[in-house]
Amino acid sequence: DAKTTQPPSMDCAEGRAANLPCNHSTISGNEYVYWYRQIHSQGPQYIIHGLKNNETNEMASLIITEDRKSSTLILPHATLRDTAVYYCIVRPPYSGGGADGLTFGKGTHLIIQP
Amino acid sequence: DAGVIQSPRHEVTEMGQEVTLRCKPISGHNSLFWYRQTMMRGLELLIYFNNNVPIDDSGMPEDRFSAKMPNASFSTLKIQPSEPRDSAVYFCASSLGQPGDEQYFGPGTRLTVT
């Protein structure tokens, strides 16, 4: 399985853009990069995913480098409610039979400062 | 939509007792996942089902753990007998069932075994 490396913690000022890096240097050509977050005492929440192109939705933007060895999740205007643990996950190759489970690492604890 | 429903939200039991955790996935979702989260090991996938059929139970720690999905709207995770090291937060998640579909997590059941 491809593995990911994330900084254990980051701080960001409220209202500023939060940029969360993730290294996945052993990613395979057909593996996607997913981001989930977990707010304290809640279940994880899906944010965004991508293969090679940059992606944007109402929550965040995902920038994947051309060589796909790293990516950055961007929260454009961080609020206090964005304080959470953010997980970068590389999905293993699909082997058929429907959905498969997620492998979570330790993630990055993002703290938004007022 | 009520989202993924888990019960009970908190469970305190004594070592040796049987514990049953319950999950109702989102209506129309074909895949269901059970995860466990501890401080030491983080979030771990225990087992998942596609169309009510167990696909991968390699994450189930021991024979004391068992999971069933008798129909599309209900799943149980049973621990018998329970041990203090089973204390954790257990999450249930569901997805539409296609590769890459986002998973929707429930609020979790916090289990304490004394």
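Since this is a predicted model, take the numbers as computed values, not measurements.

Reading guide: rules and limits
- Residues numbered from 1 in each chain as written.
- Chains lettered and ligands numbered in written order.
- Predicted model: local features only at pLDDT ≥ 70, side-chain atom pairs only at ≥ 80, totals over all residues.
- Heavy atoms only, no water.
- Phe/Tyr/Trp six-rings, centres within 6.5 Å; stacked < 30°, edge-to-face > 60°.
- Lys NZ or Arg CZ within 6 Å of the ring centre and 35° of its normal.
- Contact = heavy atoms within 4.5 Å.
- Buried area = accessible area lost by both parts, 1.4 Å probe.
- Salt bridge = Lys/Arg side-chain N within 4 Å of Asp/Glu carboxyl O.
- Polar contact = N/O pair within 3.5 Å; in protein donor to acceptor, adjacent residues only side chain to side chain.
- Helix = DSSP H or I, 4+ residues; strand = E, 2+ residues; numbered from the N terminus.
- Nonpolar A, V, L, I, M, F, W, Y, C, P; charged D, E, K, R; others polar.

Asker: So what's going on with the packing of aromatic side chains? Residues and values would help.
Answerer: Under the criterion given, the structure shown has twelve aromatic pairs over all chains. Linked through ring pairs, Y32(A), Y34(A), Y36(A), Y46(A), Y87(A), F104(A), F33(B), Y35(B), Y48(B), F91(B) and F105(B) together constitute an aromatic cluster. Here R91(A) stacks its cationic end above the ring of Y34(A), 4.8 Å away from the centre of that ring.

Asker: Requested: an account of the interface of chain A and chain B, with residues and values cited.
Answerer: Facing 19 residues of chain A, the contacting portion of chain B comprises 20 residues. In total, about 1500 Å² of surface goes out of reach between chain A and chain B, with carbon and sulfur atoms giving 54% of it. In this assembly, chain A and chain B are joined by zero salt bridges. In this assembly, chain A and chain B are joined by three residue pairs in polar contact (both at pLDDT 80 or more). Looking at the side of chain A that touches chain B, the elements with two or more residues in it are β3 (33–38) and β4 (45–50) of chain A. Among the elements that line the side of chain A that touches chain B, the one with the most residues is β3(A), at three residues. Across the side of chain A that touches chain B, the residue classes break down as nine nonpolar, eight polar and two charged.

Asker: Report on the environment of Y87(A), specifying residues and quantitative values.
Answerer: All names here are of chain A. As for its position among the elements, Y87 is in strand β8 (residues 84–90). Taking the C-alpha atoms as reference, Y87 lies 9.6 Å from Y46; in sequence the two are 41 residues apart. Reaching out from Y87, the side chain makes a polar contact with the side chain of Q38 at a distance of 3.4 Å.

Asker: Could you give me a rundown of the environment of R16(A), with the residues and numbers involved?
Answerer: All names here are of chain A. Following the sequence through the fold, R16 ends up in the loop between β1 (9–13) and β2 (18–23). Separated by 22 residues in the primary sequence, R16 and Q38 place their C-alpha atoms 20 Å from one another. When neighbours within four sequence positions are excluded, R16 is seen to be in contact with L75, P76, H77 and A78.

Asker: Requested: an account of the side chain of S82(B), with residues and values cited.
Answerer: All names here are of chain B. The residue S82 is located in the loop between β8 (74–79) and β9 (88–95) in this model. One polar contact links the side chain of S82 to the main-chain carbonyl oxygen of Q17, over a distance of 2.7 Å. Contacts of S82, omitting those with residues within four sequence positions, involve T13, E14, M15, G16, Q17, V19, R64 and V113.

In short, the description is geometric, and any link to function would need to be established separately.
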